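# Examining the three-dimensional arrangement
For reference, the chains in residue letters:
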Amino acid sequence: MFQQVLELKDLSDQRVQVRCVGDLVVADDDRRPRAAGVIVLEPGENSERVYPQRDFTIGELAENCTAEQAGHELPHRVSGTVTVEDDRDNGNTDRWDLLLTGCPVHSDPERDGVWRVAPHHLTEGSGLRTPQYELVPARQRTHWLSRAQNRKLPEPGQL
């Protein structure tokens, strides 16, 4: 399983709506994951914990390791999008595309066909060396002249 914690906090002075799609989950009262969906945050408020999370078989994780060794893109990944909008007609929409992948298993050099949990994943430091993700992914921002009329403020240079 790949999993990380996603920190969501409303740093604005407006109420915002956070829409989570993809492999983004929250834990219910019984600690079972469910889709994160839509979260409303008041100014200064933190959300409940949101987790980019997805289960993979050991075979899929081995394919990630093989792809990394060959210098290819890792095929098995956790992805999601977080979109934040304030409630103003002429407000902003911010979007972050999230990607989490990695190689938490490695082949055992002494036993052909055997895969083991990467030793440094469990025994060295924070264990964060096998996941691959951007700590603060790039934000995509849309400025609205009017959301109701679907009129966006043109990008600089498009005027």
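Predicted, not measured: the structure shown is a model, and the values here were computed from it.

### Looking at helix H1 (residues 58–69)
Between its first and last C-alpha, H1 extends 17 Å over 12 residues, near the 16 Å set by a 1.5 Å rise per residue. Where H1 is concerned, the buried positions are Leu61, Ala62, Asn64, Cys65 and Ala67. Turning to H1, the residues buried within the fold contact strand S1 (2–3), strand S6 (92–102), strand S7 (105–107) and strand S8 (115–117). Immediately downstream of H1, the backbone of Gly71 shows phi near 80 degrees, a positive value.

### Side note on the nonpolar core
Ranked by internal contacts, the top residues of the largest apolar core, which has 14 residues, are Leu8, Val18, Leu24, Val50 and Val82. Within the residue set of this core, elements represented by two or more residues are strand S2 (16–27), strand S3 (33–41) and strand S5 (78–86). Element by element, the count of residues in this core is highest for S2, at five residues. The contact partners of Val50, leaving out residues within four places of it in the chain, are Gln4, Val5, Leu6, Leu8, Leu24, Val25, Val26, Ala36 and Ile39. One finds Phe2, Phe56, Leu61 and Val78 within the second-largest nonpolar core, a separate group that totals six residues.

Definitions and cut-offs
- Residues numbered from 1 in each chain as written.
- Predicted model: local features only at pLDDT ≥ 70, side-chain atom pairs only at ≥ 80, totals over all residues.
- Heavy atoms only, no water.
- Helix = DSSP H or I, 4+ residues; strand = E, 2+ residues; numbered from the N terminus.
- Expected span 1.5 Å × (residues − 1).
- Buried < 20%, exposed > 50% of the residue type's maximum accessible area, 1.4 Å probe, protein only.
- Contact = heavy atoms within 4.5 Å.
- Core = buried A, V, L, I, M, F, W, Y, C linked by side-chain atoms within 4.5 Å.

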